[in-house]
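The lines below spell out each chain.
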Amino acid sequence: MKPMKGDWLGSYRLRIGGYRAIFGLNPDPEAKPEQKLLLISVAVIGSRGGIYKK
């Protein structure tokens, strides 16, 4: 997992085989504070290269 730069600042990327996923992590607003849960919002999944165009 690596942080993104430029237009995707604030998002992260993850490589799975020949694919990339760009996603964001946000606190779960419905979780109790002691649970510390995160919501994963997937923006794009695709092959290398073309997914970085917003």
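Throughout this description, residue numbers start from 1 for each chain and increase along the sequence as written. For a predicted model such as this one, the threshold for reporting local features is a pLDDT of at least 70, and the threshold for listing and counting side-chain atom pairs is 80 or more; totals across whole chains, interfaces and linings nevertheless cover every residue. Side-chain metrics rest on all non-hydrogen atoms present in the structure, leaving aside hydrogens and water.

## Digging into the sheet that holds strand E4 (residues 38-47)
And then number 1: Ordered in space as E1-E2-E3-E4, the four strands form an open sheet in which the pairing is antiparallel. Looking at strand neighbours, the two that pair on one side only are strand E1 (2-3) and E4, the edges of this open sheet.
And then number 2: Pairing of strand E2 (residues 12-16) with strand E3 (residues 19-27) involves five bridges; the strand directions are antiparallel. Directly across from Arg13, in E3, lies its bridge partner Ile22. DSSP-based pairing: two strands are paired if at least 2 bridges between them are found. The helix count covers DSSP runs of H or I at least four residues long, the strand count covers runs of E at least two residues long, and both are numbered beginning at the N terminus.

## Overview of unusual backbone geometry
And then number 1: Even without being a glycine, Lys36 presents a positive backbone phi close to 50°.
And then number 2: For Lys36, the position within the fold is in the loop between E3 and E4.
And then number 3: Throughout, exposure labels follow a simple rule: accessible area from a 1.4 Å probe, protein chains only, divided by the maximum for the residue type, with under 20% read as buried, over 50% as exposed, and the rest as partly exposed. Under the relative-accessibility criterion, Lys36 is labelled exposed at 72%.

## Describing the pairing of E2
And then number 1: Judged from the two bridges that link them, E1 and E2 form a sheet pairing that is antiparallel. Directly across from Pro3, in E2, lies its bridge partner Tyr12.
And then number 2: Where E2 folds back onto E3 in an antiparallel hairpin, the turn is made up of two residues, including Gly17, whose phi is positive at roughly 60°.

## Brief notes about the side chain of Ser11
And then number 1: Inspection of the secondary structure assignment puts Ser11 in the loop between E1 and E2.
And then number 2: Residue Ser11 is classed as buried on the basis of its relative accessible area, which comes to 16%.
And then number 3: Here, two residues are considered to be in contact whenever any of their heavy atoms come within 4.5 Å of each other. Among residues more than four places away in sequence, those in contact with Ser11 are Lys2, Pro3, Met4, Ile22 and Phe23.

## Considering the environment of Ser47
And then number 1: Here Ser47 lies in strand E4.
And then number 2: A relative accessible area of 44% means that Ser47 is categorised as partly exposed.
And then number 3: Separated by 32 residues in sequence, Ser47 and Arg15 place their C-alpha atoms 9.6 Å apart.
And then number 4: When residues no more than four places from it in sequence are discounted, the contact partners of Ser47 are Gly18 and Tyr19.

Geometric descriptors of this kind do not, in isolation, establish any biological role.
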